[in-house]
Structures are given as C-alpha cells and as structure tokens.
Amino acid sequence: MKELEIRKYQSLNKVANCGGIVMFGSKDLFDLPLCELKQAFDINDDLYNRSFESLSLNDAQDVYAQCVSDIKPDTLFIQLGADDV
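Residues numbered from 1 in each chain as written. Predicted model: local features only at pLDDT ≥ 70, side-chain atom pairs only at ≥ 80, totals over all residues. Heavy atoms only, no water.

Draft legend 1. Summary view of the pattern of salt bridges. The full count for this structure, using the stated rule, is one salt bridge. In this structure, the salt-bridge partner of Lys-2 is Asp-59, at a minimum N-O distance of 3.0 Å. Separated by 57 residues along the polypeptide, Lys-2 in helix H1 (residues 2-13) and Asp-59 in helix H4 (residues 57-67) bring together distant segments of the chain. The class for Asp-59 is partly exposed, based on a relative accessible area of 34%. (Salt bridge = Lys/Arg side-chain N within 4 Å of Asp/Glu carboxyl O. Helix = DSSP H or I, 4+ residues; strand = E, 2+ residues; numbered from the N terminus. Buried < 20%, exposed > 50% of the residue type's maximum accessible area, 1.4 Å probe, protein only.)

Draft legend 2. Focus on the nonpolar core. Core analysis: the biggest nonpolar cluster contains 13 residues, and Phe-24, Phe-52, Val-63 and Cys-67 have the highest contact counts within it. Ranked by residue count, the leading element in this core is H4, at three residues. Other than its neighbours up to four places away in sequence, Val-63 contacts Lys-2, Ile-6, Phe-24, Phe-52, Leu-55 and Val-68. The next biggest cluster of nonpolar side chains, apart from the first, holds five residues, and it includes Met-23, Leu-29, Leu-34 and Leu-47. (Core = buried A, V, L, I, M, F, W, Y, C linked by side-chain atoms within 4.5 Å. Contact = heavy atoms within 4.5 Å.)

Draft legend 3. Broad picture of the environment of Ser-54. Among the secondary structure elements, Ser-54 is positioned in the loop between strand E2 (47-49) and H4. Remark: the alpha-carbon pair of Ser-54 and Asp-83, spanning 29 residues in sequence, is separated by 6.3 Å. Sequence-distant contacts of Ser-54, that is, excluding residues within four places in its chain, are made with Lys-2 and Asp-83.

Draft legend 4. Highlighting unusual backbone geometry. Residues other than glycine seldom take positive phi values, yet Asp-42 does so here, at roughly 50 degrees. Within the secondary structure layout, Asp-42 lies in the loop between helix H3 (34-40) and E2. Even without being a glycine, Lys-72 presents a positive backbone phi close to 50 degrees. Looking at the element boundaries, Lys-72 is found in the loop between H4 and strand E3 (75-79).

Draft legend 5. Just the packing of aromatic side chains, in detail. One pass over the full model with this rule turns up two aromatic pairs. Between Tyr-9 and Phe-52, the ring centres sit 5.3 Å apart and the planes meet at 90 degrees, which makes this aromatic pair edge-to-face. Residue Tyr-9 is found in helix H1, and its partner Phe-52 is found in the loop between E2 and H4; the two are separated by 43 residues along the sequence. A residue is classified by how much of its surface remains accessible, and Phe-52, at 0% relative accessible area, is buried. Aromatic side chains Phe-24 and Tyr-64 sit 5.8 Å apart centroid to centroid with 75 degrees between the ring planes, which places their arrangement in the edge-to-face category. A residue pair is termed long-range when its members are at least 10 positions apart, and Phe-24 in strand E1 (residues 21-25) and Tyr-64 in helix H4 qualify at 40 residues. (Phe/Tyr/Trp six-rings, centres within 6.5 Å; stacked < 30°, edge-to-face > 60°.)

Structure below.
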C-alpha cells in the first residue's frame, strides 16, 4: 500500500514547483484540506501534502528521501510518531 502512495507522490513531484510548503507526516496530516488552508490564511506559497495514513518513525527518513526531498521545500511541517504509540 505504501509503495503505491510513494509512486503517486513521486509522479506529482515531477510537476510540482520546488520550494513552498510541504506537510509530511501520518494520519493527522493525511486528510488535511490544503485548499481551504490556503484560502483561510491567504497563503501564496505552493502547498503540498506528502503525508501517509500510516507512517512510522522507522520509515520516515526513507519515505522523506523518496517523496519530499525532490521538492526542496522552503518550509516543512512534520508530524510523526502517532503510529508508533
């Protein structure tokens, strides 16, 4: 399941702009309504969500390298550990 999500994010990264803001984490960020956040807080930067329904601390570094590092975010919001409790 995670491999499918990784491939999806890698495909999206090919058309994404570098920089901007990236949300990276697990279930609490996965369904975050990014369009509504951009509107509500008047965010002009690109905003990307590279979160997973289930992401452990053990997998986070590898998944970051595969799904986030290519975007080279200016700002990174990280929420990890919920799946390890």
